[in-house]
Amino acid sequence: QKEVEQNSGPLSVPEGAIASLNCTYSDRGSQSFFWYRQYSGKSPELIMFIYSNGDKEDGRFTAQLNKASQYVSLLIRDSQPSDSATYLCAVPKTNAGKSTFGDGTTLTVKP
Amino acid sequence: GAVVSQHPSWVICKSGTSVKIECRSLDFQATTMFWYRQFPKQSLMLMATSNEGSKATYEQGVEKDKFLINHASLTLSTLTVTSAHPEDSSFYICSARDPAGAGSTDTQYFGPGTRLTVL
């Protein structure tokens, strides 16, 4: 089992729809969780992080965390073509200083 | 805030030569920086963790004598690809943690990446 698993996709949604991206992790001791966006040919950029159970909203993005189920998700409301990218879930390794990244989910938003 | 730069953004070199890539944190001090490599349409792969003032910690399978990392100051880490070969052609990305940042101390801020092509 991978430490961080994401649906590989690709995920395709129409413009204006809600895109739902999922991530599961294996380390029950994990405390914080990150979502990054990576456009083709570019480096990752931070979208948001979450460390408390429940929802955290930032503009059109909502991160959802359920530590009991070891599950974190990212919802993108009112999806735009400019949201088309690969979304990476990252989980810091406990007491290791580094993070484990999922393989990413590629999202395509069709006009 | 939390801006990371890399130089050069792209480099083409001949097989057998060495290439140095710089990673700088512009507006914060980074005790820890990370070096990643990414091949086209593949996942981000961590190569090593660079700690200021100490030796880098390399991931399993990464040759430390081939990929030399130096983190001599709190704002600069360098990766030198020695005796580069065509199979080393890849997208090299650094990131840095901001221990004094307003957000989580585990947040990694990525540089724009360096595209290396070895002929």
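Definitions and limits used
Residues numbered from 1 in each chain as written. Chains lettered and ligands numbered in written order. Predicted model: local features only at pLDDT ≥ 70, side-chain atom pairs only at ≥ 80, totals over all residues. Heavy atoms only, no water. Disulfide = S-S within 2.5 Å. Helix = DSSP H or I, 4+ residues; strand = E, 2+ residues; numbered from the N terminus. Contact = heavy atoms within 4.5 Å. Buried area = accessible area lost by both parts, 1.4 Å probe. Salt bridge = Lys/Arg side-chain N within 4 Å of Asp/Glu carboxyl O. Pairing = 2+ DSSP bridges. Axes fitted to C-alpha atoms, helices over the stretch in contact; angles between N-to-C directions. Buried < 20%, exposed > 50% of the residue type's maximum accessible area, 1.4 Å probe, protein only.

J.: Could you give an account of the state of the cysteines, with specific residues and numbers?
T.: Residues and elements named next belong to chain B. The final tally for this structure, using the stated rule, is 2 disulfides over all chains. Disulfide pairing is shown between Cys23 and Cys94; the S-S distance is 2.0 Å. Its S-S torsion of approximately 80 degrees makes the covalent link between Cys23 and Cys94 right-handed. With Cys23 in strand β3 (residues 19-25) and Cys94 in strand β9 (residues 90-97), this pair connects stretches of sequence that are 71 residues apart.

J.: Outline the interface of chain A and chain B, listing residues and values.
T.: Facing the 17 residues of chain A at the interface are 22 residues of chain B. Regarding the contact of chain A and chain B, the summed buried area is about 1400 Å², with carbon and sulfur atoms giving 55% of it. It is Ser43(A), Lys98(A) and Phe101(A) in chain A that bury the most area against chain B; as a group they hold 29% of the surface buried on that side. Where chain A touches chain B, the interface holds 1 salt bridge. Glu59(B) is paired through a salt bridge with Lys98(A); the nearest N and O atoms lie 2.7 Å apart.

J.: Describe the sheet that holds strand β6 (residues 54-58) of chain A, listing the residues and the values that go with them.
T.: Residue and element names in this part refer to chain A. What the 5 strands build is an open sheet, ordered β1-β3-β8-β7-β6; its pairing is antiparallel. Only two strands of the sheet have a single partner each, and these edge strands are β1 (4-6) and β6. Recorded for the sheet is a direction-independent mean angle of 20 degrees between the axes of neighbouring strands. Pairing between strand β3 (residues 19-25) and strand β8 (residues 71-76): 6 bridges, direction antiparallel. Counted as the bridge partner of Ala19 is Ile76 from β8.

J.: Residue-level account of the pattern of salt bridges, with values.
T.: All names here are of chain A. Tallied over the full model, the rule gives 8 salt bridges over all chains. Between Arg60 and Asp83 there is a salt bridge; the shortest N-O distance is 2.9 Å. Separated by 23 residues along the polypeptide, Arg60 in the loop between β6 and β7 (61-66) and Asp83 in the loop between β8 and β9 (85-92) bring together distant segments of the chain. For Asp83, a relative accessible area of 1% puts it in the buried group.

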